[in-house]
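Listed below are the residues making up each chain.
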Amino acid sequence: QGGKTIEKRLIDPALEAVGADTYTGSSQPDGEWRMVNPKPGLMLVNRFNKVQVERCFLRWSTKNQNSVSLALLSPKRRLEPGESMRLDADYSLGK
């Protein structure tokens, strides 16, 4: 939050094979978060409108194959017939 960078190593032989974090309120990313694989230099960037997002989830696993998920959840809201909600997010992969 506040645009500062937080680094967290997720996949390490000395750590648990699976894990998850939930971010809400002031712990929520400030409209962007990234996953970086330093060996090949790949980066997954997720940008979103933080006004539309209530919670962010980060999940990872090294069981069977290495995987990481970044998920966004909107505030819970009852929609009347014909109403809709919008959650804008942009994912990009690059170096």
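First things first, this report covers the structure right here in the doc. In this text, all values refer to a predicted model and were calculated from it rather than measured experimentally. (Residues numbered from 1 in each chain as written. Predicted model: local features only at pLDDT ≥ 70, side-chain atom pairs only at ≥ 80, totals over all residues. Heavy atoms only, no water.)

Quick word on the environment of Lys50
- By the element assignment, Lys50 lies in the loop between β3 (42-48) and β4 (55-61).
- Taking the C-alpha atoms as reference points, Lys50 and Asp30, separated by 20 residues in sequence, lie 6.7 Å from one another. (Helix = DSSP H or I, 4+ residues; strand = E, 2+ residues; numbered from the N terminus.)

Quick look at the nonpolar core
- Ranked by size, the top nonpolar core spans ten residues in total: Leu10, Trp33, Met35, Phe48, Val53, Cys56, Leu58, Trp60, Leu70 and Leu72.
- Where this core is concerned, the elements lending two or more residues are β2 (32-37), β4 and β5 (67-73). (Core = buried A, V, L, I, M, F, W, Y, C linked by side-chain atoms within 4.5 Å. Buried < 20%, exposed > 50% of the residue type's maximum accessible area, 1.4 Å probe, protein only.)

Section: the environment of Val18
- Note on placement: Val18 falls in strand β1 (residues 18-24).
- Sequence-distant contacts of Val18, that is, excluding residues within four places in its chain, are made with Trp60, Ser61 and Lys63. (Contact = heavy atoms within 4.5 Å.)

So, the packing of aromatic side chains
- Tallying each qualifying case throughout the model produces one aromatic pair.
- When the ring of Tyr23 is compared with that of Trp33, the centres are 6.1 Å apart and the planes differ by 85°; the resulting orientation is edge-to-face. With Tyr23 in strand β1 and Trp33 in strand β2, this residue pair connects regions lying ten residues apart in the sequence.
- The lysine or arginine in question, Arg59, covers the ring of Phe57, its NZ or CZ lying 4.9 Å from the ring centre. (Phe/Tyr/Trp six-rings, centres within 6.5 Å; stacked < 30°, edge-to-face > 60°. Lys NZ or Arg CZ within 6 Å of the ring centre and 35° of its normal.)

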